[in-house]
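# Descriptive structure summary
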Amino acid sequence: PMDGVEKAESTVTTAVVDLAGEMAEHLVGVQQVAEHLDAVVAALEVVPKGVAARRSLPTEVREAVTVLRERRAILPLVESYHAIKRARDAMDFADQVQLAARIAMTVPQVGEAERSRFRAVLLDEFQDTSEAQLQLLRALFVSAGDAVPVTAVGDPHQSIYGWRGASSTTLHRFRQDFVDDHGPTQVR
């Protein structure tokens, strides 16, 4: 049922595939997104009414609520899309990264094996990593007493993979997420 969405089928299809990819790249599930969207819409709906149109929300707020409700309305389709991919043993890039991150985060032996293979790690173009990639790399190479020295190189002004969930914010989070026994991570 698409009662809350007034978009063309092709637009909805693109939105489902894009949202599924973004969710995988950020390691969040349908339920988490639904709860977040519900909370944001509820908060926006109590924004004070405009002075001129005392009975309605400001135009920008109304438009944002409409977009968020449409996004919420396609979540069942995202769930179905996930089920179809699982049934067909199909994965896209975001699914692969998400699965790798979840495995590395939950199976300590994976990180142990990788840390035993490398004496140091250089992560180039780090501004183009997603949240899932950040968590994968952290799970593989950072472990109390067993960390591998990790260096990241990146320029926040050159982030070009936003369409794939990458964010230059991962570059800024490197200092907090890749701490080792030698103290705070240096930035140069």
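A brief report on the enclosed structure follows. (Residues numbered from 1 in each chain as written. Predicted model: local features only at pLDDT ≥ 70, side-chain atom pairs only at ≥ 80, totals over all residues. Heavy atoms only, no water.)

## Observations regarding the environment of Leu171
Tracing the chain through its elements places Leu171 in helix H8 (residues 169-177). Residues contacting Leu171, with those up to four places away along its chain left out, are Phe126, Gln127, Gly154, Asp155 and Pro156. (Helix = DSSP H or I, 4+ residues; strand = E, 2+ residues; numbered from the N terminus. Contact = heavy atoms within 4.5 Å.)

## Examining the side chain of Asp177
Relative to the assigned elements, Asp177 resides in helix H8. Overall, the relative accessible area of 12% leaves Asp177 in the buried class. Among the polar contacts listed, one links the side chain of Asp177 to the side chain of Arg173, at a separation of 2.9 Å. With near-sequence residues (within four places) excluded, Asp177 lies in contact with Leu134, Gln135, Arg138 and Val142. (Buried < 20%, exposed > 50% of the residue type's maximum accessible area, 1.4 Å probe, protein only. Polar contact = N/O pair within 3.5 Å; in protein donor to acceptor, adjacent residues only side chain to side chain.)

## Some details on the layout of surface pockets
Empty space within the second largest pocket amounts to approximately 280 Å³. If you trace the second largest pocket, you find 15 residues lining it, with His82, Lys85, Arg86, Asp95 and Gln98 closest to the centre. Among the elements of the structure, helix H1 (9-25), helix H4 (75-87) and helix H5 (93-106) are those that each provide at least two residues to the lining of the second largest pocket. Sorting elements by how many residues they give to the lining of the second largest pocket places H5 first, with four residues. (1 Å grid on protein atoms, 1.4 Å probe; cavity = no way out; pocket = protein on both sides within 12 Å on 5 of 7 lines; lining within 4 Å. Points joined across faces, edges and corners; volume = space filled by probe spheres on them.)

## Comments concerning unusual backbone geometry
Positive phi, close to 55°, is recorded for Leu27, a residue that is not glycine. Residue placement: Leu27 occurs in the loop between H1 and helix H2 (30-45). With relative accessibility at 13%, the residue Leu27 sits in the buried group. Even without a glycine there, the phi angle at Asp89 is positive, about 50°. Its location among the elements puts Asp89 in the loop between H4 and H5.

## Quick notes on the environment of Ala24
Summarising the element assignment, Ala24 is placed in helix H1. Judged by its relative accessible area of 3%, Ala24 falls in the buried class. A C-alpha to C-alpha distance of 9.3 Å links Ala24 and Phe93, two positions 69 residues apart in sequence. Each residue touching Ala24, except ones within four places of it in the same chain, is listed here: Ala94, Asp95, Gln98 and Ala132.

## Some words on the nonpolar core
Ranked by internal contacts, the top residues of the largest apolar core, which has 19 residues, are Val121, Leu123, Phe126, Leu137, Phe141, Val150 and Phe178. For this core, the elements supplying multiple residues, two or more each, are H5, strand E1 (121-123), helix H7 (131-141) and H8. Residue contributions to this core peak at seven residues, all from H7. Core analysis: the second largest hydrophobic core is formed by 17 residues, Met23, Val65, Leu68 and Ile74 among them. (Core = buried A, V, L, I, M, F, W, Y, C linked by side-chain atoms within 4.5 Å.)

## Here we look at the packing of aromatic side chains
Per the stated rule, a full pass over the model turns up four aromatic pairs. A ring pair is formed by Phe126 and Phe174, whose centres lie 5.5 Å apart and whose planes are at 80°; its orientation type is edge-to-face. On the criterion of sequence distance, the pair formed by Phe126 in the loop between E1 and H7 and Phe174 in helix H8 is long-range, its members being 48 residues apart. Accessibility assignment for this pair places Phe126 and Phe174 in one class, buried. (Phe/Tyr/Trp six-rings, centres within 6.5 Å; stacked < 30°, edge-to-face > 60°.)

## Considerations on helix H3 (residues 59-73)
Compared with the 21 Å implied by 1.5 Å per residue over 15 residues, the 21 Å span of H3 between its first and last C-alpha is a close match. Residues of H3 that are buried: Val61, Val65, Leu68 and Glu70. Check the buried side of H3 and you find it contacts H2. (Expected span 1.5 Å × (residues − 1).)

Keep in mind these values describe shape, not function.
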